[in-house]
Amino acid sequence: MRRTVLAVLTCCLLAVTACSSGGSTSTSPTASEADVVAWMDKVCGAVDGTVKAMSDEPPIDMSDPAKLKTGLSDWLGTKVAAVDKSISDLKGLENGPHPKSKELATAAQDGMGQIRTLLADTRSKLDASTDATQAITAFTEMVARASELEKAGADVQKKFDETGLASAAQKAGNCKGLQTSPPAS
C-alpha cells in the first residue's frame with residue numbers, strides 16, 4: 001500500500017505541474033524566450049520541492065499503534081511544509097516575464113493548495129484517531145481522494161496550453177526533470 005500511495009500522489013503532483021504538455025509557442029513580444037524559459041524553470045523548481053518531498057515512504061509500523069499514528073502524522077507534516085514552500089515560491093513568481101505569468105502561477109498555486117488541503121485534512125484525521133484502524137482509514141481515504149487532484153492537474157495543463165507557456169516548459173531544465181521523474185513504485 002505504501003508505494004501505491006506515493007505513486008498516486010506523485011503522479012498527481014506531476015500532473016499539477018503539467019510541464020510535459022504541447023501547445024502554442026507564442027510568447028509576449030516584450031519578453032525574450034530565454035526570460036520566459038528561465039521563469040518556467042523557476043516555476044517547475046518550486047513544484048519540484050514538493051515532488052521530491054513526496055518521494056519517500058511513510059513509516060508504517062503496524063506493531064505499535066502509537067508509533068503508526070505519530071509516524072504518519074509527522075510524515076504528512078513534512079509534506080504539508082513542502083507544499084507550503086512550493087505555494088510561497090509560486091506566489092513570488094506571479095510577476096514573470098510572460099503576460100499570463102500571474103494566471104499560470106495562480107493556477108499552479110491553486111493546484112498545490114488542493115494537495116495541501118488533502119494532506120492537512122488527512123493529518124488532522126490521523127491526529128484525532130484513537131486506534132490503528134482509524135489511522136489506516138484516514139490514510140486510505142487520502143488515497144481514494146487523490147483522484148480529485150487529477151482535475152486540478154487538468155486545469156493547470158489547460159492553463160499551460162492557453163497561455164502558450166508549454167513550449168517554454170519543455171525547454172526548462174527543472175520542467176524536464178519533472179517530465180522524466182518516474183513515480184515511486
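Refer to the structure printed above.
Source: prediction; values computed, not measured.

Describing the overall build of the protein chain
Thought 1: Each helix and strand counted, the protein chain has 8 helices and 0 strands in total.
Thought 2: Mapped from its N terminus to its C terminus, the protein chain presents α and β elements in the order α-α-α-α-α-α-α-α.
Thought 3: Looking at the protein chain as a whole, 45% of its 185 residues are labelled buried.
Thought 4: In the protein chain, of all internal contacts separated by at least 6 residues, the share reaching a separation of at least 24 is 82%.

Re the state of the cysteines
Thought 1: Applying the stated criterion across every chain yields a total of 1 disulfide.
Thought 2: Across the disulfide, C44 is cross-linked to C175 (sulfur-sulfur distance 1.9 Å). Across the disulfide from C44 to C175, rotation about the S-S bond amounts to roughly 90°, and the bridge is consequently right-handed. A residue pair is termed long-range when its members are at least 10 positions apart, and C44 in helix α2 (residues 33-53) and C175 in helix α8 (residues 173-180) qualify at 131 residues. Of the two residues examined, C44 and C175, each falls in the buried class.

Things to note about the packing of α2 against helix α3 (residues 65-91)
Thought 1: Running from amino to carboxyl end, α2 crosses α3 at an angle of 180°, the nearest separation of the two axes being 8 Å. Here α2 lies roughly antiparallel to α3, going by the angle between them. Side by side, α2 and α3 meet where V43, A46, V47, G49, T50 and A53 of the first sit next to K79, A82, V83, S86, D89 and L90 of the second.
Thought 2: Looking at the contact of α2 with α3, its residues break down into 7 nonpolar, 3 polar and 2 charged.

Structural notes on α2
Thought 1: In this model α2 runs 30 Å from its N-terminal to its C-terminal C-alpha over 21 residues, within 8% of the 30 Å that 1.5 Å per residue would give.
Thought 2: At V47, α2 shows its largest bend, some 25°.
Thought 3: Considered for burial, the residues of α2 that qualify are V36, V37, W39, M40, V43, C44, A46, V47, D48, T50, V51 and A53.

Here's the deal with the nonpolar core
Thought 1: Residues W39, M40, L90, M112 and L119 are the most contacted members of the largest nonpolar core, which totals 43 residues.
Thought 2: Counting only elements with at least two residues in this core, the list comes to α2, α3, α4 (101-128), α5 (132-145), α6 (147-163), α7 (166-171) and α8.
Thought 3: Residue contributions to this core peak at 10 residues, all from α4.
Thought 4: If near-sequence neighbours (up to four positions away) are discounted, M40 is found in contact with L104, F160, L165, A168, A169, A172 and C175.

Rules behind the numbers
- Residues numbered from 1 in each chain as written.
- Predicted model: local features only at pLDDT ≥ 70, side-chain atom pairs only at ≥ 80, totals over all residues.
- Heavy atoms only, no water.
- Helix = DSSP H or I, 4+ residues; strand = E, 2+ residues; numbered from the N terminus.
- Buried < 20%, exposed > 50% of the residue type's maximum accessible area, 1.4 Å probe, protein only.
- Contact = heavy atoms within 4.5 Å.
- Disulfide = S-S within 2.5 Å.
- Axes fitted to C-alpha atoms, helices over the stretch in contact; angles between N-to-C directions.
- Parallel < 35°, antiparallel > 145°, perpendicular 65-115°, else oblique.
- Nonpolar A, V, L, I, M, F, W, Y, C, P; charged D, E, K, R; others polar.
- Expected span 1.5 Å × (residues − 1).
- Bend = angle between axes of the 7 residues up to and from the residue.
- Core = buried A, V, L, I, M, F, W, Y, C linked by side-chain atoms within 4.5 Å.

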